[in-house]
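Listed below are the residues making up each chain.
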Amino acid sequence: MDVEEYRQRGKEMVDYIADYLQTVKLRRVYPDVQPGYMVDMIPKEAPMQGEKWEDIFGDIERVIMPGITHWQSPHMHAYFPALNSCPSLLGDMLADAIGCLGFTWASSPACTELEVIVMDWLAKMIGLPPCFYHSTSGSQGGGVLQGTASEATLVAMLAARAQTIARIKHECGNSDDIDEGGIISRLVAYCSDQAHSSVEKAGIMTMVKVRFIPSDENLSLRGNDLRKALKEDKENGLIPFYLCATLGTTGACAFDNMLELGPICEEEDIWMHIDAAYAGTAFMCPEFRYLLNGIHFAQSFAFNPSKWMMVHFDCTAMWVKNSAALHRTFNVNPLYLKHDKSGLAIDYMHWQIPLSRRFRSLKLWFVIRSFGIEGLQSHIRKGVRLAKMFEEWVQCEPDFEVAAPRLLGLVVFRLKGPDELTEALLKSLNQTGKVYMVPASLKNNYVIRFTVTSTHTTEESLLADWNLIREKAGKVKAHFEESGIGEPMENGVENGLDAIGQPMENGLENGLDAIGQPMENGLENGLDAIGQPMENGVDGINPPMENDVDEETRTGGKYSKQTTGIFKSLSTDVDMLKQDFQHSESIQTSEKQIDENSIHGDCIHGDFRSKGAHFIDGKHKADHLPEDEFVNKMKHQKSRRSNKMIHSKSLDTEDKKKVGMIGKSNGKPTVENCGVLKLCYHVNLMESCASEKLNAICIRANCEECQKSVLGKCGKGKGEQAASLADHKGVRHNGKC
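All of these numbers come straight from a predicted model, not from anything done at the bench.

## Some thoughts on the sheet that holds strand β11 (residues 445-451)
Okay, so step 1: The strand order across the open sheet formed by four strands is β8-β9-β11-β10, and the pairing between neighbours is antiparallel. The outermost strands of the open sheet, each flanked by one partner alone, are β8 (400-402) and β10 (438-442). Each strand of the sheet is rotated relative to its neighbour by a mean of 40 degrees, with strand direction disregarded.
Okay, so step 2: Here β10 pairs with β11 via five bridges, running antiparallel. For serine 441, the partnering residue across the bridge sits in β11 and is tyrosine 446.
Okay, so step 3: Taken strand by strand, helix α12 (residues 361-396) contacts β8, β9 (410-415) and β11, and its axis lies near 15 degrees from that of β9.

## Let's talk about the confidence of the model for the protein chain
Okay, so step 1: The predicted model of the protein chain averages 74 in pLDDT, with 66% of residues at 70 or higher.
Okay, so step 2: When the criterion is pLDDT under 50, residues 487-737 qualifies, and its contacts beyond four places in sequence or with other chains add up to 459 contacts.

## With respect to the nonpolar core
Okay, so step 1: Core analysis: the biggest nonpolar cluster contains 75 residues, and Phe283, Phe301, Met309, Trp319 and Leu408 have the highest contact counts within it.
Okay, so step 2: Per-element tally for this core: the top contributor is helix α4 (residues 109-126), with eight residues.
Okay, so step 3: In this view, methionine 309 contacts Leu122, Met125, Thr281, Met284, Phe303, Leu364, Val367, Ile368 and Leu376; residues no more than four positions away in its chain are not counted.
Okay, so step 4: Of all hydrophobic cores here, the second largest spans 33 residues; its members include Ile165, Val199, Val320 and Trp351.

## Things to note about the packing of α4 against α12
Okay, so step 1: Here α4 crosses α12 at 25 degrees, and the two axes come no closer than 10 Å. When the axis of α4 is compared with that of α12, the two are roughly parallel. In this structure, the crossing between α4 and α12 has a hand that is left-handed. In this structure, α4 contributes Cys111, Leu114, Glu115, Val118, Trp121, Leu122 and Met125 to the contact, and α12 contributes Ser361, Leu362, Leu364, Trp365, Ile368, Arg369, Ile373 and Leu376.
Okay, so step 2: Along the lines of polarity and charge, the residues of the contact of α4 with α12 split into twelve nonpolar, one polar and two charged.

## Considerations on the sheet that holds strand β4 (residues 239-246)
Okay, so step 1: The strand order β1-β7-β6-β5-β4-β2-β3 describes an open sheet built from seven strands, whose pairing is mixed. Each of the sheet's edge strands pairs with one partner strand only, and the pair in question is β1 (142-146) and β3 (209-213). The sheet shows a mean angle of 20 degrees between the axes of neighbouring strands, taken without regard to direction.
Okay, so step 2: Pairing of β1 with strand β7 (residues 316-320) involves five bridges; the strand directions are antiparallel. Note on β7: the bridge partner recorded for glutamine 146 is threonine 316.

## So, helix α1 (residues 3-23)
Okay, so step 1: Relative to the 30 Å expected for 21 residues at 1.5 Å per residue, α1 spans 30 Å between its end C-alpha atoms, a close match to the ideal helical length.
Okay, so step 2: Among all positions of α1, only Arg9, Tyr16, Tyr20 and Leu21 are buried. An end-on view of α1 places all buried positions within 130 degrees of arc, on one side of the element. For α1, the exposed residues lying more than 90 degrees away from the buried face are Glu4, Lys11 and Gln22.

## Let's talk about the packing of aromatic side chains
For any pair of aromatic rings, the description rests on two quantities: the centre-to-centre distance and the angle between the ring planes.
Okay, so step 1: Taken as a whole and assessed by the stated rule, the structure comprises 17 aromatic pairs.
Okay, so step 2: When the ring of phenylalanine 241 is compared with that of tyrosine 242, the centres are 5.9 Å apart and the planes differ by 35 degrees; the resulting orientation is tilted.
Okay, so step 3: The exposure class of phenylalanine 241 is buried, given its relative accessible area of 1%.
Okay, so step 4: For the pair tyrosine 278 and tryptophan 308, a centre-to-centre distance of 4.8 Å together with 10 degrees between the ring planes defines the contact as stacked. Taken together, the residues span a long stretch of sequence, with tyrosine 278 in the loop between β5 (271-275) and β6 (300-303) and tryptophan 308 in helix α10 (residues 305-308) at a distance of 30 residues.
Okay, so step 5: Of the residues examined, tyrosine 278 reaches a relative accessible area of 0% and is grouped as buried.
Okay, so step 6: When its relative accessible area of 2% is taken as the criterion, tryptophan 308 is described as buried.
Okay, so step 7: Among the aromatic side chains, those forming a connected cluster through ring pairs are Phe390, Phe400, Phe413, Phe450 and Trp466.
Okay, so step 8: Sitting over the ring of tyrosine 133, lysine 124 keeps its end group 5.6 Å from the ring centre.

## Quick notes on the pattern of salt bridges
Two side chains with opposite charge may pair up if their charged atoms get near one another.
Okay, so step 1: Inspection of the entire model under this criterion finds 31 salt bridges.
Okay, so step 2: Taking the shortest distance from any N to any O, the salt bridge between arginine 167 and aspartate 269 comes out at 3.3 Å. Of the two residues, arginine 167 is situated in helix α5 (residues 149-171) and aspartate 269 in the loop between α9 (258-268) and β5; the sequence distance between them amounts to 102 residues.
Okay, so step 3: Residue arginine 167 is classed as partly exposed on the basis of its relative accessible area of 25%.
Okay, so step 4: We note a salt bridge from lysine 169 to glutamate 180, for which the minimum N-O separation is 3.0 Å. A residue pair is termed long-range when its members are at least 10 positions apart, and lysine 169 in helix α5 and glutamate 180 in helix α6 (residues 180-184) qualify at eleven residues.
Okay, so step 5: According to the relative accessible area criterion, glutamate 180 is partly exposed, its value standing at 37%.
Okay, so step 6: Via salt bridges that share partners, Asp92, Asp96, Asp314, Arg358, Arg360 and Lys363 belong to a single interconnected network.

## With respect to the pairing of β5
Okay, so step 1: Extensive coverage of β5 is indicated by the burial of five of its five residues.
Okay, so step 2: Neither face of β5 is open: one carries Trp271, His273 and Asp275, the other Met272 and Ile274, and all of them are buried.
Okay, so step 3: In this structure, β4 lies alongside β5, joined through five bridges in parallel fashion. Residue alanine 245 lies in a different strand from β5, and its bridge partner there is isoleucine 274.
Okay, so step 4: Handedness of the crossover joining β4 and β5 through α9: right-handed.
Okay, so step 5: Direction of pairing for β5 relative to β6: parallel, over a ladder of three bridges. The residue bridging aspartate 275 from the neighbouring strand is alanine 302, located in β6.

## Overview of the side chain of serine 215
Okay, so step 1: The residue serine 215 is located in the loop between β3 and α8 (223-235) in this model.
Okay, so step 2: Only 2.8 Å separates the side chain of serine 215 from the side chain of aspartate 193, close enough to count as a polar contact.
Okay, so step 3: Beyond its immediate stretch of four places on either side in the chain, serine 215 contacts Asp193, Gln194, Ser220, Leu221 and Lys443.

## Quick look at the environment of valine 116
Okay, so step 1: Summarising the element assignment, valine 116 is placed in helix α4.
Okay, so step 2: With a relative accessible area of 21%, valine 116 lands in the partly exposed category.
Okay, so step 3: Taking the C-alpha atoms as reference points, valine 116 and serine 135, separated by 19 residues in sequence, lie 8.8 Å from one another.
Okay, so step 4: In contact with valine 116, not counting residues within four places along its chain, are His134, Ile346 and Tyr348.

Criteria and thresholds
- Residues numbered from 1 in each chain as written.
- Predicted model: local features only at pLDDT ≥ 70, side-chain atom pairs only at ≥ 80, totals over all residues.
- Heavy atoms only, no water.
- Pairing = 2+ DSSP bridges.
- Helix = DSSP H or I, 4+ residues; strand = E, 2+ residues; numbered from the N terminus.
- Axes fitted to C-alpha atoms, helices over the stretch in contact; angles between N-to-C directions.
- Contact = heavy atoms within 4.5 Å.
- pLDDT = per-residue confidence, 0-100.
- Core = buried A, V, L, I, M, F, W, Y, C linked by side-chain atoms within 4.5 Å.
- Buried < 20%, exposed > 50% of the residue type's maximum accessible area, 1.4 Å probe, protein only.
- Parallel < 35°, antiparallel > 145°, perpendicular 65-115°, else oblique.
- Left-handed = near helix turned anticlockwise from the far one by under 90°.
- Nonpolar A, V, L, I, M, F, W, Y, C, P; charged D, E, K, R; others polar.
- Expected span 1.5 Å × (residues − 1).
- Arc of directions from axis to C-beta.
- Phe/Tyr/Trp six-rings, centres within 6.5 Å; stacked < 30°, edge-to-face > 60°.
- Lys NZ or Arg CZ within 6 Å of the ring centre and 35° of its normal.
- Salt bridge = Lys/Arg side-chain N within 4 Å of Asp/Glu carboxyl O.
- Right-handed = clockwise from strand over helix to strand, strands pointing away.
- Polar contact = N/O pair within 3.5 Å; in protein donor to acceptor, adjacent residues only side chain to side chain.

Structure (structure tokens):
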């Protein structure tokens, strides 16, 4: 392609990009592809001869776009923004054409000069104190453009480490006997439990310990907690040297308390770095600068114009109070990099990890000049206003709750009830491809992050997304209610009834175990659910309980999940079920193969739609299958709690009429009546237990509608029972339950 063709093709590409940005709202925001989707779309080998541009251009839509997550879509609410703008795109177009590598002033003076000026502009725009300006007389401070906030965190940690090592060596008389490795092994960096993962990664790369300090009820790191951690570590001979405080955490956009942390760091000679990757842009608006209080204590500060400021990736603005700390850390000066202006001008290669650097300041300059401060402020306030509107919608909906205070453009919310409700909702929403959100964990609660991320977001697009969320939430709750999961329970037992709806004494079924055998002290002869001895009534596979309530029940509020030594939920994975069968020694794998491949999508969100979806033991029959066609397999069902498989095995037996309980008699496999998994649409509870007495696995369930056991240990003389499936519109029975 020569320059003249480039002139033509460049105009075509600009038109394509403009059309893409104008119509991105019409595209599926999250791609419907699987890993490796592109392998068969592109030749295995690179072409020997050049191809026509028309063919290359055509493959953008054929190959690339099907696998794109559209970050500029108004329906993209995952992560933090990664915005672009036309001035920014034009800036990089020019920078890429110039193609300079601005490692020194001499390598391209304009690249360095513009960055110095623009970084001072930006520092003043967000309200940083003058000690961070290049232009402040007598200041050693200044700003630099890094690639990412993760780089900035690492650069600050490396500088802090070098500074601490130098200080300790000086205090020890700069003896050659001082082992720097020994010092490094005692260094400790600090951050809150809400800090970005890049802090932990920086600790790995710098070979220092990182201590995560628990945040308070507002997800903020507080001074007293830091002081306590410092005291403990110093008593253990460790050396605190670095703190990364976060303004706008990833999980909930929470803010650490710099006014409390700063004086402690100053007192202890600890380098305080501020990570404001997302929130930093908001400080252009005076009404949000109160969140910046205490910044004068920081040694370094960084935020990403590439997030909210419409300067596309990569572009991270970082400032330091003392650039000499960076020079001491990164200064290498081979002969081929020296120039006659060294010492008179900034050489940014000494402010960063790599040598070469892009002309990033050009796109930043274009954006600031094109929008102006007022235009950027208006853009920020619009995002906050839309997020506040969404927050109010959530607060007005009785089934939802806002999980953490909203300060800027991020709302974290969840469905009231167990985490599985919110998890199922998020999965259902993302599967539509119409919206895209991601989860977070806040104080052990599963929440959905909803960020206003796009310049194309409007009240109308936001309302469409909210209506979709409400629609899917209604369906998720309906599924959970039908399955009886997530309903309130009394003392960990559903209304004092056992797993099949029968009255219980003292929380146990008439003093009988799970298969109707007498028990001692409410437990089966002092044995646990798989026939193993127990100590103090606690088996080897379930955690101790307080007041007869397990940990999951205690922390789950009113939505408890019964977990005892007698019953084990069938909502376990294949490995757990293997262990159960191994403990009971009831499976002869040579005769009964485990069908790992039986997991597939014939049950969708709990709606049973697979052919032959329910199977019954010798005392039952499937009303839609002739008896002679009955097959002896236990298939799988997806739990409405988490959409995970409850059971995924096929258990082949010789007896085609009896399935479910696999045991042994005189060393030989035998089959007893028990039951199988899929029956009616509203099965309330499924559990399995193992008995040493019968060397068997029992499986039982209870039909919530008829309040009788439709699955379990079947007695003789009850006659045939029939159960039929319900479609997604309702529930029906054959009337004989």
